[in-house]
Amino acid sequence: MAYCVHCGVRLGEGEKACPLCHTVSVDPAEKNASPAERAYPVHTPEQLLVRSKRYFLTLFGILLLVPALLCVVIDLLIGGSISWSIYAFTALILMYITIAVPIWIDKKKPYFALITGYVCLMLYLILVEKVSRSGSWFFPIVLPCMTLFTLMALLLVRLYRHQVLGKFTLLGAALGAVGILCLLIDLLIAASLGRIALLWSPYVLAPCLFVSLLIFFINGNRAIREEIRRRVHF
């Protein structure tokens, strides 16, 4: 014997709806009874993650766009034309791209982050060179240095992700890379001035290589490594 859940009217055998108020009746004991439709959709963790990304990137974009436009407006009101504001505007836009792309793309995020940052920084520095008219320094100095830096960073990330380098040895490899990068910068600057000489880079390269080799030596000596780890909890 069944009754309507809405008005209490007794239902006849096999009736699927109340004859008085037409409320649909579902018998949970019936084998072919279809499940009741949910009042609210069920969101999977993946859907919630996409929504949170979208909200964060939208809010972050607004927070960067407001000061970017404000700089343009102030520049126009004070100077009557767009001059210095182009640096702030493009820097904030490229900053958004640098941060947003790796967040939106999950696969191989460190690689995307480095490559995206490299491209955005190169575009910004090209713009600075062209707008400021400060001479030709991007292609002879900045481009090779930043390209080498990015390649080194990608190599270190790959070695670390494949467990070729640990946290300790990663620090040593990074210090060695910094010393080599400083050497290249010194050579390129000297070449752009018409001379081949090392001015300041040996003072950076020597301690970086010394500490780097020391780190790899300690990592290769188990007794020393365990003693240091026990004392500093590394």
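Residues numbered from 1 in each chain as written. Predicted model: local features only at pLDDT ≥ 70, side-chain atom pairs only at ≥ 80, totals over all residues. Heavy atoms only, no water.

Q: Help me out: how do you make sense of the overall build of the protein in this one?
A: Each helix and strand counted, the protein has 7 helices and 2 strands in total. Secondary structure of the protein in N-to-C order comes out as β-β-α-α-α-α-α-α-α. Scored against the burial criterion, the 234 residues of the protein give a buried share of 23%. Long-range pairs, those at least 24 residues apart, make up 47% of the contacts in the protein with a sequence separation of at least 6. Accessible area for the protein stands at about 16,500 Å²; split by element, carbon and sulfur atoms hold 70% of it. (Helix = DSSP H or I, 4+ residues; strand = E, 2+ residues; numbered from the N terminus. Buried < 20%, exposed > 50% of the residue type's maximum accessible area, 1.4 Å probe, protein only. Contact = heavy atoms within 4.5 Å. Areas by Shrake-Rupley, 256 points an atom, 1.4 Å probe, with all protein chains shown as cover.)

Q: Teacher, can you tell me more about the packing of aromatic side chains here?
A: Centre-to-centre distance and the angle between the planes together describe a pair of aromatic rings. If you walk through the whole model with that rule in mind, you get 3 aromatic pairs. Taking the centre distance of 5.8 Å and the plane angle of 25° together, the rings of Phe60 and Tyr96 count as stacked. Here Phe60 is found in helix 1 (residues 45–79), whereas its partner Tyr96 is found in helix 2 (residues 85–104), with 36 residues between them in sequence. Judged by relative accessible area, which is 26%, Tyr96 ranks as partly exposed. When the centroid spacing of 5.0 Å and the interplanar angle of 85° are considered together, the rings of Phe138 and Phe139 count as edge-to-face. Judged by relative accessible area, which is 1%, Phe138 ranks as buried. (Phe/Tyr/Trp six-rings, centres within 6.5 Å; stacked < 30°, edge-to-face > 60°.)

Q: I'm lost on helix 5 (residues 167–192) in this one. Help?
A: What sets the pattern is the α-helix's 3.6 residues per turn: residues three or four places apart point alike. Helix length check: helix 5 (26 residues) gives 37 Å between terminal C-alpha atoms against 38 Å at 1.5 Å per residue, within 8%. Within helix 5, burial applies to Thr169, Gly172, Ala173, Gly176, Ala177, Gly179, Leu181, Cys182, Asp186, Leu188 and Ala190. Each element contacted by the buried residues of helix 5 is listed here: helix 4 (138–161) and helix 6 (201–220). Taken from the residues just after helix 5, Gly194 is the one with a positive phi, measuring 85°. (Expected span 1.5 Å × (residues − 1).)

Q: Please explain a nonpolar patch on the surface as it appears in this structure.
A: A cluster of nonpolar side chains, contributed by Leu70, Val73, Ile74, Leu77, Ile78 and Trp84, occupies part of the molecular surface with about 640 Å² of accessible area. Examined against the element boundaries, Val73 turns out to sit in helix 1. (Patch = residues over 30% accessible without salt bridge, like charges linked within 9 Å, V, L, I, M, F, W, Y side chains within 5 Å. Salt bridge = Lys/Arg side-chain N within 4 Å of Asp/Glu carboxyl O.)

Q: Help me understand unusual backbone geometry in this model?
A: Where the residue is not glycine, phi is negative for most of them; where a peptide bond is considered, it is trans in most cases. Phi at Arg133 is positive, roughly 55°, even though this residue is not glycine. Within the secondary structure, Arg133 sits in the loop between helix 3 (109–132) and helix 4. Judged by relative accessible area, which is 75%, Arg133 ranks as exposed. Residue Gln163 is not a glycine yet carries a positive backbone phi of 60°. One can find Gln163 in the loop between helix 4 and helix 5. For Gln163, a relative accessible area of 72% puts it in the exposed group.

Q: Whenever I open this one, the environment of Arg10 confuses me. Can you help?
A: Structurally, Arg10 can be placed in strand 2 (residues 10–11). Note on Arg10: relative accessible area 54%, which makes it exposed. With 10 residues separating them along the chain, Arg10 and Leu20 place their C-alpha atoms 9.8 Å apart.

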